[in-house]
Each structure stands twice: as C-alpha cells, then as structure tokens.
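# Inside the fold
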Amino acid sequence: EHEDDFWQLKNIDHKKKKSHNFNSVNIPDEEPTATVPQRDSIIVNARKRRELNLAYDDEWMSKPEMLELNEDTDSIALSEREASDGGTIKFNTRYDIPRTLEPGDFIEVIGTYNKATFSINLKANNGHNYLHIGFRPTHTTVMNDALPHWGYEVRDSYPAFASGKNFKYTIMVDNECYRFFLNDELRSKTFPFRFNKLNQESIKNVAYVEISGGGNGLKINKINMPGNKKHELYVNRDSFNNKISELKKIVTSKIAGRTLDKLKSYANSNEGSISLFKLELLEKIKSSGSIIDINNEEIGWLLNNREALEMLMTSGDLLNNNWRKAVKIVAEIIKQDPEAKEGLKLRLAVATGLTFAYPVHSQAIWSNLIDGIERYHQFVKWAKEKLFFTPFYQGTAWHLRYIVGSWQTNEEHIWARENILQDYKNEDKVADVTHKMVKYKLYNDDGVSVHSGAAYYYYKPITLEAFHKIGAVCGGISRFAVGMAQAHGVPALMVGQPGHCAYIWYRRGKWVLGNDISGWSKSDTHSYIQYSWKRKAPFFPAMDNAQKNLNNYKLSEKLRFAARFSEPHDKFEVIEAASSICPQNYAVWQEMELALEEPTLPRDVVHQALINELTSIRKANLKKKKVPTATLR
C-alpha cells in the first residue's frame, strides 16, 4: 500500500503495470511509465496543505521537486542537487580517504535523516564508482558500481531511517566484500569487490568519498575516515567463531553414535538443552555475518539460563534473521528491568526482542518507528493496571509477539480502550467492533478517493480515530480490528487475500479469520509482519498447536538440531522421532526429506517407522470410532 502511495505522490501512472499487489513492496515486474509533473501542480499541492494547516509526514513535498529517469539503474530517483538545509558535509563534494583501504577498515557517514533520495559513493581518482549506495525513500536501496559503466547490482530493502533522527551508516571493508551497518546493526546484504580486468583495479584505488542527492532537510554532519582502528566485527569474528567451534565439538561428542533414548535424555537435561539451543543461536548469528559479545553480563545470563534460552528459540522465526538484534534487545530490557528474568515479564521481554529485531512502523506516520524497549515498559505498566484481557496474561512469548508488535502508538491504544463500544469490550468481540465503528467508504466526505492515499485522510496521521471518523475500505477496516484487539491484549494481525485485506485474531483459544472473503487457504501474512515457517496464514494455527504443547515442541526442536550431529544413517530416526513428538513442527518435516535421501539409510528403518505410525493412527481412529475395523483391515 505504501508502495502505491509512493507512485501516487510522484504523479506516476502505475495503472499501465500488468498487476499491482497492494501487499507487496517488491520491485514491480514492469517499471511504471515516468512523467515529469508540472511544477505548478506540485506548488499547488504544497500550498493546499498549508492552507488546511495540516501536517503531512516529513513534509515530503513542501518544496517543489523534479523527477528524472535514471537510465543506468532503470528506476525513479529525485534529481540530485546540493542540500540547502545545512550540514557540515557538502553534497557532490570530494572528501579524500587518508590512506589505501584494506580489510577491517570502515567509513562512517553520520547525519540527520529526512525523506530524500541520497547516495554514498566510494570513487577512484579517475571518477569511477567502486561502490554506489543509493537510498530511495519508501522503495529500495541499490548498490552497484561503474567502472566506468554501471555493472553488477545488489538490491536491499530500504533501511529503517527515522525522520528527524540522527543516523550512522557504516561501510566496512571485509576480506572479499563490503558490509554495511545502520546504527551499528548489520545489514543482510553485502557487495563484492569489483575489478576492472584491463587495468587490474581493486579497492586499493578507492581515493575519496562523495555524498550525492540530499535536500528536504537531510543533513550529513560528519564522515569518519579509516584510521588505525579496525571494525569490531572484523577484530572479534575469529574469537567468536572459535567459541562456536568449541561448543560444536562438545555437542558432537555427546550425540554422535548415541542411541535415540540416550539422545532424548541428553536433550532433556539442563546441559543438553542449553548447549543445543545456544549452539543453534550462535550459528544463526554467525550465518548473518554478525557476532555478539558473549562476555556481556546480560547476554551471558540469557545464553546460560535454560528457561530464557528455550523461550527465545521456540517463540517463532525472524523475518530478517537478525538474531543478534533480538538478543541485544532482550539483554537491554533485562539490564533496565532485572525482574524481566521470569514470568510474564520474561515472556514479554522475549516477545519484544523477537518482534523488534525487525522494524515496527507506526501506522499513523509510516516513516516513524516504534521503540521496542519503550513499548516493553509501557506494556508492563498497563499490565499492572489490569488493562488487558486474559490472553495477554496467559499467552506464550510467541502469542505476545502479535500484541507488542502493534502498529499503533501508545496514544492510539489509550484511545481504543476509552472509545470501544461497551457491548464489544470483551475478549470474544473486541476485534469485531470494527464493523460497527468504521464505515466502508470509497470516498471521504469531500469526495476524495481512498486510492488518493494521504489525501483521503486530509494528510493527517492515519490513526484508529481517523479510520473511525473518516472511514476506510478493507485495509483500514482490518487495521482497526487488529489495533483494537492488540490495545486490549489480544493477539491479532493483518492478512492479505486476493484483492482484499482481512485479519486473524485469537478468540477463545484459537485463531479465527475476520473480514474474510477467501478463507484460510488464500490468506497470506501481511507485509512487515513476522511469521514462522511460511507466509501462508494457516501456519499460525499450526504454531499455536505447537505452543499449546510447548514441552513437546521444545524437545522436537532440540532433536531437530541434534540430528545434524548424528551419524548420517541415524539422522532419519532422530528426525522421525522429532516429528512424532510434535507433528505440528513444520521445520522438522522440511528436514525429513533430506534425511530420507541419505544413501546409507537402511530401508527397513523407514518401513518400521511407517508401520509404527500407521498402527498408531489405526488405534486412534478405532478409539474415536471414526473408521470401521473391516475398512482398516
């Protein structure tokens, strides 16, 4: 939907595209046709808002802007020009790197963000671009090079810059690629070193930094050039990897060649549970190219406390695999609130860490990000005041993720609790109030179409109150339902259906669909919402069933991890046991296929497992009297 707003605000005809998925923020298969908007029309738009005395997010069009089509990358970008809003670093100006770049070096660009296109460029003396990082608001980040022509390209999601907030973007020179950080958090994408085969140019030819673009209030205040200090990741990575190797040797010695019964016993012990889950967590962090400080007091406690570690590792997946950030958030919460080491507070801390490892946007002003740690403290306060319904107090950390991850601000939560219709102020009806409080309206009272984006809501923040007073279509109706449920401590989230937006929420101990037209099979988790296993909405009831048998799910996961250290011909037996202990654990079934493909696996082992399973099903059906005995025979 915000992709759509982007094209609409830029006056680009996106109707000529083959298709447009409102739940997707991916690059379109077919680029829209770009038109240069009339200068007068843009000035009128800005003047109209001033006359209405309405604040619009970031004042994106408070100044006349021109568009151009960048043929090199075949995408839309704002015309690059010097910023007129100050800042120590000038745009389109050369800033020399004091010495030859080498692995471990890093460059930091520090500034104050406001919505604008800009780029960071590492260039050689001949002007060739060895690294171009182009940031395009609400759209994407493009990394490429020009030696001298544009070449290899990598696309990354747009970083979670916060409007009006300071930022630090770091470029680290690794052994074979560049790595990138926003506010010390590692980005998932890397960019390889590029060489001009004719001249054998390499990173040693990079001579200066240049910042291009800007305007609209964006300021670049400082560029920190490479010095004697190497980046923390580069310095500590070997030590971190060595600790993983040591732990892996210990786990392997406890698992390899052991019988299934002994393996289960080890997985259920304190030592085994902590070792298996710790190793899996550290491996996940390593796979993302990152590290954590395992000597940190709070992180050390989290890695060695069985309850906390098991909870962290069995409360759902991370969309961006940023386990380092999840651990850091939980550790910081524990540091600020030592009582968060047990009970509801621990569940809430883990839920917050997992949820806010991925950016959580404010629905009211999408470019604003919600602070996870501040949200934890606010929810603790409301919990003490008994403002939530039962699901909040009884839910697992996984359930709580779909409450603390609300796109609504604190003020909206308060408004929701104060303004909900009394007949719906209970956990069985809270989400359904949307059909009484939000009118389905294609046009607002002044005749502006909902497809006009921000104009439909008079350029005001799109809050729950705005939905209530102005109206909405399926997206706003479902957002209102989700926001109302979460404000009262009931898990809920948006789902997309073909041409429609619906929602699911937790009612009477199970997930149910709301505002539904296509059913579960055609429902997908909405963009910007984390999910486990796969995006299809039916995986939420599957995980819910696993969470209701949490001890079995934990053991199933530990056996899944342990199978990786078992002898090749033993893997199937371990994976099969994990699937029997918790059939809802979809991750186990994903690994079953690989285990069955092992060439040394004895066929009779597979046959015996199938016989045991079929016998079990037969007994269960006979007990329920669902299938006649003769039919089974």
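Residues numbered from 1 in each chain as written. Predicted model: local features only at pLDDT ≥ 70, side-chain atom pairs only at ≥ 80, totals over all residues. Heavy atoms only, no water.

On to the overall build of the protein chain. Each helix and strand counted, the protein chain has 22 helices and 18 strands in total. Across the 633 residues in the protein chain, those meeting the buried criterion constitute 53%. (Helix = DSSP H or I, 4+ residues; strand = E, 2+ residues; numbered from the N terminus. Buried < 20%, exposed > 50% of the residue type's maximum accessible area, 1.4 Å probe, protein only.)

On to the sheet that holds strand E7 (residues 140–146). The sheet built from six strands is open, its strands ordered E3-E13-E5-E6-E7-E8 with antiparallel pairing. Looking at strand neighbours, the two that pair on one side only are strand E3 (95–96) and strand E8 (150–156), the edges of this open sheet. As paired elements, E3 and strand E13 (residues 206–213) share two bridges and run antiparallel to each other. Note on E13: the bridge partner recorded for Tyr95 is Val209. (Pairing = 2+ DSSP bridges.)

Any two side chains of opposite charge can pair, so long as their charged atoms come close to each other. Taken as a whole, this structure holds 31 salt bridges when the rule is applied. The shortest N-O distance in the salt bridge between Arg94 and Asp96 comes to 2.5 Å. Judged by relative accessible area, Arg94 falls into the partly exposed class, the value being 40%. We note a salt bridge from Lys168 to Glu108, for which the minimum N-O separation is 3.7 Å. Of this pair, Lys168 sits in strand E9 (residues 166–173) while Glu108 is found in strand E4 (residues 106–112), placing the two residues 60 residues apart along the sequence. Under the relative-accessibility criterion, Glu108 is labelled buried at 13%. If you follow the salt bridges from partner to partner, you end up with Glu280, Lys284, Glu557, Arg560, Arg564 and Glu591 in one network. (Salt bridge = Lys/Arg side-chain N within 4 Å of Asp/Glu carboxyl O.)

Let's shift gears to the sheet that holds strand E18 (residues 524–525). Read across the sheet, four strands follow the order E17-E16-E15-E18 without closing on themselves; strand pairing throughout is antiparallel. Edge positions in the sheet fall to strand E17 (510–514) and E18, since each has one partner strand and no second. Pairing of strand E15 (residues 492–497) with E18, which is carried by two bridges, proceeds in the antiparallel orientation. Considered in E18, the bridge of Val495 is made with Thr525. The strands that helix H17 (residues 539–548) touches are E15, strand E16 (500–507), E17 and E18; relative to E17, the one it contacts most, it runs at about 160 degrees. (Contact = heavy atoms within 4.5 Å. Axes fitted to C-alpha atoms, helices over the stretch in contact; angles between N-to-C directions.)

Below, the discussion takes up unusual backbone geometry. In this structure, Tyr459 is a non-glycine residue whose phi angle is positive, near 60 degrees. Relative to the elements of secondary structure, Tyr459 occurs in the loop between helix H14 (434–437) and helix H15 (464–470). For Tyr459, a relative accessible area of 16% translates into the label buried. In this structure, Arg508 takes a positive phi of about 55 degrees despite not being glycine. Here Arg508 lies in the loop between E16 and E17.

Turning next to helix H4 (residues 260–268). Of the positions making up H4, those classed as buried are Leu260, Leu263, Tyr266 and Ala267. The arc that holds every buried residue of H4, seen down its axis, measures 120 degrees, which confines them to one face. More than 90 degrees from the buried face of H4, the exposed residues found are Asp261 and Lys262. Buried residues belonging to H4 abut helix H3 (232–255), helix H5 (270–287), helix H18 (550–563) and helix H19 (571–581). (Arc of directions from axis to C-beta.)

Here we take up the nonpolar core. Of all hydrophobic cores here, the largest spans 137 residues; its most connected members are Leu281, Phe480 and Met484. Dropping the residues within four chain positions of it, Leu281 is found in contact with Leu303, Leu309, Leu312, Met313, Trp323 and Val327. If you look at the next biggest cluster of nonpolar residues, it comprises 37 residues, including Phe167, Ile171, Val173 and Leu218. (Core = buried A, V, L, I, M, F, W, Y, C linked by side-chain atoms within 4.5 Å.)

Our focus in this paragraph is the confidence of the model for the protein chain. Averaged over the protein chain, the pLDDT score is 81; the fraction of residues at 70 or greater is 82%. Predicted confidence is poor over residues 1–85, with pLDDT under 50, and the contacts of this stretch with residues over four places away or in other chains come to 162 contacts. Within the model, the stretch residues 196–200 combines pLDDT values under 50 with two contacts to residues more than four positions away or in other chains. (pLDDT = per-residue confidence, 0-100.)

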